[in-house]
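Fold and geometry: a report
Here's the letter readout for the chains.
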Amino acid sequence: MKKNLLTTILAAVGLSSLASAATTQEGLRVEPPCWWTGMETPLTLMLHAPGLSGAGVSVDSDGITVKAVHYAESPNYLFVDLEIADNLTPGEYTFTINYPDGKTETFAYSIGERREGSRERVGFGPSDVVYLLMPDRFANGDKKNDSSPLTAEKGNRKLPGGRHGGDLQGIMDHLDYLADLGITAIWPTPITLDNEPTYSYHGYACADYYQIDPRYGSNELYRSLVAAAHEKGIKFIQDIVPNHSGTAHWWYNDLPFQDWIHQHPTFTRSNYAMSGHSDPHAAQTDLDACVTGWFDTSMPDMNLSNPYCLQYYIQLAVWWIEYADLDGIRVDTYPYTRKEDISAWTAGILKEFPNFTLVGECWFHNTQQIAYWEGCRTADGGFKTNADGYTSHLPMVMDFALTDALTEAFVQNDNLGYDDGIKRVYNSVSLDFAYYNPYNLLTFITNHDMERPAIRFGTYKDPDETVLARMKNATTLLLTMRGVPQWYYGDEILMHGPEEMVGKGDAWWRTDFPGGWPGDKVNAFTSAGRTALQNEMFDHTRTLMQWRKTSPAVTAGKLKHFMPFGDLVNTYVYFRYTPDFKDLVMVVINNGVEPVSLDWAHYAEIFDAAAAALGTDSFTATDILSGATVSRSTEPLAVPGMTSLVLQF
Ligand SMILES: [Ca+2]
Ligand SMILES: [Ca+2]
């Protein structure tokens, strides 16, 4: 996205000081902390201070109209509906609160100028590779912020579930590493304040939606990081959780409304049964238990059926996109909110940013249930709608079914049943009819909630050649198959986690990237610091990620796949191609331990169509992985066991 640099700088300078002034003024909290002219989203300020109920609000500009003031059940809130004239001069305005007892109080509020082209920003998609990292575990660029006087949990790298000190500066310091690897987007797990007393590093129990956790940095540093990433051609995705907040959130002990969160006589956990949304036979009581139960004891469950709450969550997402210049949002626990409410939330964001990408975590094990949540735009300009009339408005969902399939497939290298081995992947992809756009699914080998592939494809011991071969094949699949590949930090070096952490939960697959901390004995950010095995994995990944950017067949082309069968029972062959066949890629993944021979004639339907389009029946390719030249001929194509070919014709 091209931007007017001067405008961006001026907006940044103008907003940074004012944004913090609005949130830190003694006794009064104002959210969102600033806003912009020319926004589609209606603006409702949430004011929080003792005794606000009954107060009036005025402002020193004809260009800003206080349309309505709403009181909450708590006496300490005001919700102020504002209308901002399109021609309002960007700047700082003074609002006056007139308390019922005659007292007055003023606060400054900044209405800035939007970034040029902000509304039209285009989100991430199939041309991208998304790098998922946990900021506490990737790199520690600032040891001074490992603990903060403002936060409860202090840094302690010895605790597997503790705060290890990774931060935004650490990401900033390794942008060159990431650009060299070939990723084009970064998705960090949540970076806003999580102030739980323990186990806060994951960030999913938010304590302040408008503040970057000080152990990660500041709002200003975050904005600088996104800008620096953009300079290197890397997009940025923010992880936002509209389903729940944290018990340490500032509003938890003074809720504006009793139904701001879902409350139960005693702690009630969600039944996690998200199937009720799409199940035509579901009992309402089961569905209610899913959407109103808490995800965990530290995570109050938000009620987006409360219109103020819904508006609050729409605004905060819009605010971060505009403030930080984002390219995407990853939505945690998407189906744990009532489906009408989460749909309204998503639609509210897309109203402001029609071409933006939100990807929802809809963690189901079968394709039909995942596809229910795909609510992408259709060719006629509407949104994909299910047979029962529901649309989520969600542009992208995650292909958990493919992850399940490949997890099983790549460890089955011998002695197969009919639907075993790589056939599992073929079978999963063959269900793509359920999607409106299967090319726009987020695909992944693993994420932060699953064991790493170096564990799943091997043992609890350190990875060996077998794990490497399986992981290379899985990587070839991920980076050439349809979809938007998402990569989990450290898999490029076969990160594994120590054996003593077996059975100790998710910290096992969230270990620190070696070399990310000052004084680390090993620095795997450099080839010199990696083992031979790690370098082979890194080079395989890097080669494919860098090449992928150059291949329209893979990033925008079609897919045709051939069933693993007969002598090729554990070999997956598929083609990616542009409609004009000018870019044609043949992928061969031999998941079996034995070498195989491919008969070119079996793939005649592709080569005949390409020959007709190109006016030649001579096809010579380069294997992107080995550099070898391969020509279609009457001789069979030999593929060694446990290897893959990526032939670009
Ligand atoms: Ca730090
Ligand atoms: Ca919920």
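Preceding this section is the structure that the text describes.
Now for a description of the structure that goes with this document. Keep in mind the model is a prediction, meaning the values are calculated, not measured.

On to the packing of aromatic side chains. Counted by the stated rule, this structure contains 62 aromatic pairs. An angle of 45° between the planes, with centres 5.7 Å apart, marks the rings of Trp35 and Trp36 as tilted. This pair shows no difference in class: Trp35 is buried, exactly as Trp36 is. Sitting over the ring of Phe538, Arg530 keeps its end group 3.8 Å from the ring centre.

Below, the discussion takes up the coordination of the calcium ion (ligand 2). At this site the calcium ion (ligand 2) is bound by Asn243 (OD1), Val291 (O), Asp301 (OD), Asp301 (OD) and Tyr336 (O), with donor distances of 2.3 to 2.5 Å. Site description for the calcium ion (ligand 2): donor spacing in sequence, N-x47-V-x9-D-x34-Y. Highlighted residues: Asn243 in the loop between strand E13 (235–240) and helix H6 (284–292) and Tyr336 in the loop between strand E14 (328–331) and helix H8 (339–352), separated in sequence by 93 residues. Exposure remark for Asn243: the relative accessible area of 1% places this residue in the buried category. By relative accessible area, Tyr336 is classed as buried at 9%.

Okay, the sheet that holds strand E21 (residues 584–590) next. Strand order in the open sheet made by the six strands is E19-E20-E21-E26-E23-E24, with antiparallel pairing throughout. Each edge of the open sheet carries a strand with a single partner, namely strand E19 (558–562) and strand E24 (629–631). Direction aside, neighbouring strands of the sheet carry axes that sit 25° apart on average. The sheet contact formed by E21 and strand E26 (residues 643–648) spans six bridges and is antiparallel. Residue pairing in the sheet places Val585 in a bridge with Gln648 of E26.

Evaluated as defined, the whole model comprises 33 salt bridges. Notably, a salt bridge pairs Arg269 with Asp296, separated by 3.3 Å at the nearest N-O pair. With Arg269 in the loop between E13 and H6 and Asp296 in the loop between H6 and helix H7 (307–324), this pair connects stretches of sequence that are 27 residues apart. Where Glu361 meets Arg330, a salt bridge forms, and the shortest distance between an N and an O atom there is 3.4 Å. Taken together, the residues span a long stretch of sequence, with Glu361 in the loop between strand E15 (358–360) and helix H9 (367–372) and Arg330 in strand E14 at a distance of 31 residues. There is no split in this pair, since Glu361 and Arg330 are both buried.

The next subject is unusual backbone geometry. For the bond from Glu31 to Pro32, the omega torsion is -5°, close enough to zero to count as cis. The residue Pro32 is located in the loop between strand E1 (29–31) and strand E2 (35–36) in this model. One non-glycine residue, Tyr272, lies in the positive phi region at around 60°. Looking at the secondary structure, you find Tyr272 in the loop between E13 and H6. The backbone of Leu494 shows a phi angle near 55°, a positive value even though the residue is not glycine. Along the chain, Leu494 falls in the loop between strand E18 (484–488) and helix H14 (532–548). Residue classification places Leu494 among the buried residues on the basis of a relative accessible area of 5%.

This part takes up the side chain of Gln369. One can find Gln369 in helix H9. Every residue in contact with Gln369, bar those within four places of it in the chain, is listed here: Ser275, Ser278 and Phe364.

Reading the values: the criteria
- Residues numbered from 1 in each chain as written.
- Chains lettered and ligands numbered in written order.
- Predicted model: local features only at pLDDT ≥ 70, side-chain atom pairs only at ≥ 80, totals over all residues.
- Heavy atoms only, no water.
- Phe/Tyr/Trp six-rings, centres within 6.5 Å; stacked < 30°, edge-to-face > 60°.
- Buried < 20%, exposed > 50% of the residue type's maximum accessible area, 1.4 Å probe, protein only.
- Lys NZ or Arg CZ within 6 Å of the ring centre and 35° of its normal.
- Donors = N, O, S within 2.8 Å, 3.2 Å for Na, K, Ca; no water.
- Helix = DSSP H or I, 4+ residues; strand = E, 2+ residues; numbered from the N terminus.
- Pairing = 2+ DSSP bridges.
- Axes fitted to C-alpha atoms, helices over the stretch in contact; angles between N-to-C directions.
- Salt bridge = Lys/Arg side-chain N within 4 Å of Asp/Glu carboxyl O.
- Contact = heavy atoms within 4.5 Å.

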